[in-house]
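The residues making up each chain are set out below.
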Amino acid sequence: LTAQIEPVQPHSVHTLVFRSLKRTHDMFLSDRDCLPAPDPTADKVRQAVKARDQFGPVLHMQSSAKTARPAAGKQAAIAAAPAGSDGADSNSALIPASAASAASQPASSADPGSAAASAAAANTASVQVGEERMLVPKRAPLMPKPDWHPPWKLYRVISGHTGWVRCVAVDPLNRYFVTGAADRLIKIWDLASGTLKLSLTGHISTVRGLQVSDRHPFLFSCSEDKTVRCWDLEENKVVRHYHGHLSAVYGLTLHPTLDLLVTCGRDATARLWDMRTKLCIHTLAGHSSTVAAVASQSAEPQLVTGSHDCTVRLWDIAAGKSLVTLTNHKKSVRALAIHPTQFTFATGAPDNIKQWKFPDGQFLQNFSGHNAIVNALALNEDGVLVSGADNGSLHMWDWRTGSCFQRHTSPVQPGSIDSEAGIFALAFDRSGSRLITAEADKTVKIYKEDETATEETHPVNWRPGLLKKARY
C-alpha cells in the first residue's frame, strides 16, 4: 500500500520569512537579558589593536617616558643627599639627568622598526602640561617668503627684420647679440647701442636656432631648410655644413667644454656632431615626436631634450643612450633652461613650468600661473626665471620659491595686429641685467631692471599661505 502524501500548502516567501522570525523570537525570548560572560583575552586584544592603530607612532615614547621617570627621580634623590654620604653616591650625583634618561631607554627603541615611528614623530612637538607631557601636531609648513627682485621695464625696441624673429643669442664678451628670423636673415646687433652691425644671408628658410661659440670665432645656425651651418665671424662666411637631419631643425646648443654641437628637429631626433670634422657622432633617438628644445652642460647628464611627445629626456652622450625619461608634463615641452650655478633646470609647457634637479631628474616644484603656450625660458644667476608665451605675456619668477613677482604684456609694434603679440625666444646678456626677446611683431625688445625700484616702492607680494606643493 502506498501512503498518500498530503500536498504541501504553498505559501509566499513573505509568509515563510515572518514565520521563521516568530519561531526565532519565541526560542530566544527567555534568554534576552542574559549577556555572555566578558572575555579578558578578547578585551586585551581589542585594546592593543586600537592603541596600535591610533597611537602607533608614539607608543614607544610612552614606554621610554615611564622608564625615564624613576631614573630622573632617583637622580634627584642622589643629588639632594647630604655631603657625608659615601663617595660612590656623590660621584653618581654628577651624572646629568639627560644622560640618565638616555641610558634608561629600552633597547627596543633602537631597532630598525622604530625608524618609521621616529619619522612620524618628527611631525609632532612635545608640550609639558603640569606633570604630564603631551604630543601636539606641529604647525603646517608655510610658503617661504620669496627673494626681492627689482621689476623689469622695456627700454628699447629694435626693428629690422621683415619676418617673425625666432631665435636670439648673445656674444660671450657681451659686445653684440645675434637674431634669426623668418626672413631667412641672420642679423648681428650692437648690444650697447642697438644698431645693426651685419646681416648674413645663406639660409633658404626660417632660421630657428643660433649659438655663438665661447672658444672659437664661430656662429652656428640651424634652419627649417634642414641645414646646420657654421659661420666664421672673422670672414663673415659659411665654413662648415652639417648634413643629416631629415626635416626642419628647431634648435641647437654647444657643449660648454667639448667641441661638440647638438641639434634637434622635427625628425624626432637629436644629433651630436663633431664641430671640426662635421661627423655625426650619435643620433639620439627615443622621442616619438618633434624635439623642440635642447640644452647641454658640462656635468652628467650632459644633455637634456624636450619634445612635443610631452616628455623630457636626459642623455648619456658617451653611450648615446637615454638615462632618464620624465613624463610629468601633459602638454608639449617647448622650452628648457639650465641654472648657471645650481644643479637644476626648468622645462616649459602649456600645462606648467616645472623645476627639476639633476642628475636623476627629481621633481622639485611647479611654476603655476602662466596659462599660455610657453615658447621660451631664460634664467640668470640672480635666480630670475623668465617665461615668454605665444600671447605676448612675460612672467618673471623667483627661482627659489616659484612665485611670480611680475607679469608683463609685450606691446605690439604700431601697425601690427594684436595676434602678432607672440614671444618666440628669450636670452639674458652675460651680466644677467638685460633681457632680449624675439617676437612675432618682427621686432627685438630689450628689457632692463628698474634702477629706481626698492623694496619699499615695490614690496614683495607675499601672502604666507600653507605650503601645497604638487608631487609631480
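Everything quoted here is computed from the prediction, not taken from an experiment.

(A) Molecular detail of the side chain of T269. Along the chain, the position of T269 falls in strand 14 (residues 269–274). If near-sequence neighbours (up to four positions away) are discounted, T269 is found in contact with H245, T263, C264, T283, L284, A285 and V291.

(B) Fine view of unusual backbone geometry. For the bond running from E300 to P301, omega is -10°, close enough to zero to count as cis. Tracing the backbone shows P301 in the loop between strand 16 (291–296) and strand 17 (303–307). Phi at K226 is positive, roughly 75°, even though this residue is not glycine. The phi angle at K278 is positive, at roughly 70°, despite the residue not being glycine. Inspection of the secondary structure assignment puts K278 in the loop between strand 14 and strand 15 (280–285).

(C) Fine view of the packing of aromatic side chains. In the structure shown here, the tally under the stated rule is 11 aromatic pairs. Residues W356 and F363 carry aromatic rings whose centres are separated by 5.7 Å and whose planes lie at 75° to one another, so their mutual orientation is edge-to-face. On the accessibility criterion, W356 (1% relative accessible area) is buried. Judged by centre distance (5.7 Å) and plane angle (80°), the ring pair of F367 and W397 falls under edge-to-face. Of this pair, F367 sits in strand 23 (residues 362–367) while W397 is found in strand 26 (residues 393–398), placing the two residues 30 residues apart along the sequence. Members of the aromatic cluster, each reached through a chain of ring pairs, are F343, F345, W356, F358 and F363. Lying over the aromatic face of F424, R166 brings its terminal NZ or CZ to 4.1 Å of the ring centre. Lying over the aromatic face of Y155, K448 brings its terminal NZ or CZ to 4.9 Å of the ring centre.

(D) The arrangement of the sheet that holds strand 24 (residues 374–379) in detail. Here four strands make up an open sheet; going across it, the order is 24-25-26-27 and the pairing antiparallel. Since the sheet does not close on itself, it has two edges, and those belong to strand 24 and strand 27 (404–409), each with one partner. Across the sheet, the axes of successive neighbouring strands diverge by a mean angle of 15°, strand direction being ignored. Pairing between strand 26 and strand 27: five bridges, direction antiparallel. Following the sheet pairing, W397 is matched in strand 27 by C404.

(E) Seen up close, the sheet that holds strand 20 (residues 335–338). The sheet built from four strands is open, its strands ordered 20-21-22-23 with antiparallel pairing. A strand with exactly one partner marks an edge of an open sheet, and here the two such strands are strand 20 and strand 23. Neighbouring strand axes in the sheet, compared pairwise and without regard to direction, differ in orientation by 20° on average. Note: strand 21 (residues 344–348) against strand 22 (residues 353–357), five bridges, orientation antiparallel. Directly across from T344, in strand 22, lies its bridge partner K357.

What counts as what
- Residues numbered from 1 in each chain as written.
- Predicted model: local features only at pLDDT ≥ 70, side-chain atom pairs only at ≥ 80, totals over all residues.
- Heavy atoms only, no water.
- Helix = DSSP H or I, 4+ residues; strand = E, 2+ residues; numbered from the N terminus.
- Contact = heavy atoms within 4.5 Å.
- Phe/Tyr/Trp six-rings, centres within 6.5 Å; stacked < 30°, edge-to-face > 60°.
- Buried < 20%, exposed > 50% of the residue type's maximum accessible area, 1.4 Å probe, protein only.
- Lys NZ or Arg CZ within 6 Å of the ring centre and 35° of its normal.
- Pairing = 2+ DSSP bridges.
- Axes fitted to C-alpha atoms, helices over the stretch in contact; angles between N-to-C directions.

Geometric values such as these leave the question of function open.
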